[in-house]
Amino acid sequence: MNMSKPSVAEVRAGGQPEGIKERRNEEHWAGRLYMRDVSPYVSTVFVRMGVPPNPITYLMMAFGVLAGVVLAFGGLWSAVLAAVLVQVYLLLDCSDGEVARFTGRTSVAGIYLDRIGHYLAEIALLIGLGIRAQGGFEAGGWVIAGMAAALGAALIKVETDNVVVARAKAGLGEHVSEAAMQPRSAGLGLARKAASALRFHRLIQAVELSLVVVVIAIVDAVRGDLLATQVLTAACVAVAALQTVLHLVSVLASRRLH
């Protein structure tokens, strides 16, 4: 293998180990559906240029935040551009890990930066949505609503990440079995399955939200107002608040912390 000029097939083989698309709570559906088929081509370019993985992650962060900024400007064009930027964000999210694995440069810092990038993208997009619903860069209730939804989205990630933190501080291993993730109560178990099946939590995730916003922007353009965007913003606040509580209960009611 020529490490300076590897083929796409070589980067794919080294950067996408077996089972990567099946990782629970790690691999996005868009990655499994199409992005993992595209990302090795971009990863190969980065490898040939000698770009380390962490700068790719920084670039991912920039595109995620930029999507939120663009979305805030309003209009159909900004919704479409924000969705495109989120797709680039997702592409880079796949690529940084592939480059790290292929070049043997995986690191704790890389994992940390990747998590921060996910926080930033969702927070920026939800705040941008609130500004968009307000109709401009001025203080108002819809801006506060977008910030509230962003806070909820961040708290959900905090609840997830702090399971690992709490286990590490208690001297437990990072891995949590499928059985340990199930609620100890049969009723809560059914509720968890129902919530998982409905997947309403995806509304506040970057990829899904960016696609929904495009549809909503078309509705606003047809109507000539911001009602659809405002309804979407209110829905994001409701989903973020509900999911924050449900996720906390799910963690505490399971054996993840034992």
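Treat the numbers as computed from the prediction; the structure is a model and nothing was measured.

**Student:** Would you mind going over the overall build of the chain with me for this structure?
**Tutor:** Counting secondary structure elements, the chain contains 10 helices and zero strands. Reading the helices (α) and strands (β) of the chain from amino to carboxyl end gives α-α-α-α-α-α-α-α-α-α. Sorting the 258 residues of the chain into buried and exposed places 43% on the buried side. Residue pairs in contact within the chain that sit at least 24 positions apart in sequence constitute 79% of those at least 6 positions apart. With the model as given, the accessible surface of the chain reaches about 12,900 Å², and the carbon-plus-sulfur share is 68%.

**Student:** Just checking my understanding: could you explain helix H10 (residues 227-252) for this structure?
**Tutor:** Two residues of an α-helix separated by three or four positions point the same way, owing to the 3.6 residues in each turn. The end-to-end C-alpha distance of H10 is 38 Å, a good match for the 38 Å that 26 residues give at a rise of 1.5 Å each. Regarding H10, the residues found buried are Ala-228, Thr-229, Leu-232, Thr-233, Cys-236, Val-239, Ala-240, Gln-243, Thr-244, His-247, Ser-250 and Val-251.

**Student:** Teacher, can you tell me more about the confidence of the model for the chain here?
**Tutor:** Do not read the fine detail of predicted coordinates wherever pLDDT is low. Per-chain confidence: the chain averages 89 in pLDDT, with 89% of residues scoring 70 or above. When mean pLDDT is taken per element in the chain, helix H3 (residues 53-71) scores highest with 97 and helix H8 (residues 186-198) scores lowest with 61.

**Student:** Help me understand the UniProt feature "transmembrane region" (unreviewed entry) in the chain, please; the structure alone is not making it clear to me.
**Tutor:** According to UniProt, the "transmembrane region" (unreviewed entry) feature falls on residues 58-91, 200-219 and 231-253. As a span, residues 58-91 carries 88% helix and 0% strand, and end to end its C-alpha atoms are 13 Å apart. Counting secondary structure, residues 200-219 comes out at 70% helix and 0% strand; the distance between its end C-alpha atoms is 21 Å.

Reading the values: rules and limits
- Residues numbered from 1 in each chain as written.
- Predicted model: local features only at pLDDT ≥ 70, side-chain atom pairs only at ≥ 80, totals over all residues.
- Heavy atoms only, no water.
- Helix = DSSP H or I, 4+ residues; strand = E, 2+ residues; numbered from the N terminus.
- Buried < 20%, exposed > 50% of the residue type's maximum accessible area, 1.4 Å probe, protein only.
- Contact = heavy atoms within 4.5 Å.
- Areas by Shrake-Rupley, 256 points an atom, 1.4 Å probe, with all protein chains shown as cover.
- Expected span 1.5 Å × (residues − 1).
- pLDDT = per-residue confidence, 0-100.
- UniProt positions renumbered as here; feature names shortened; annotations may be inferred.

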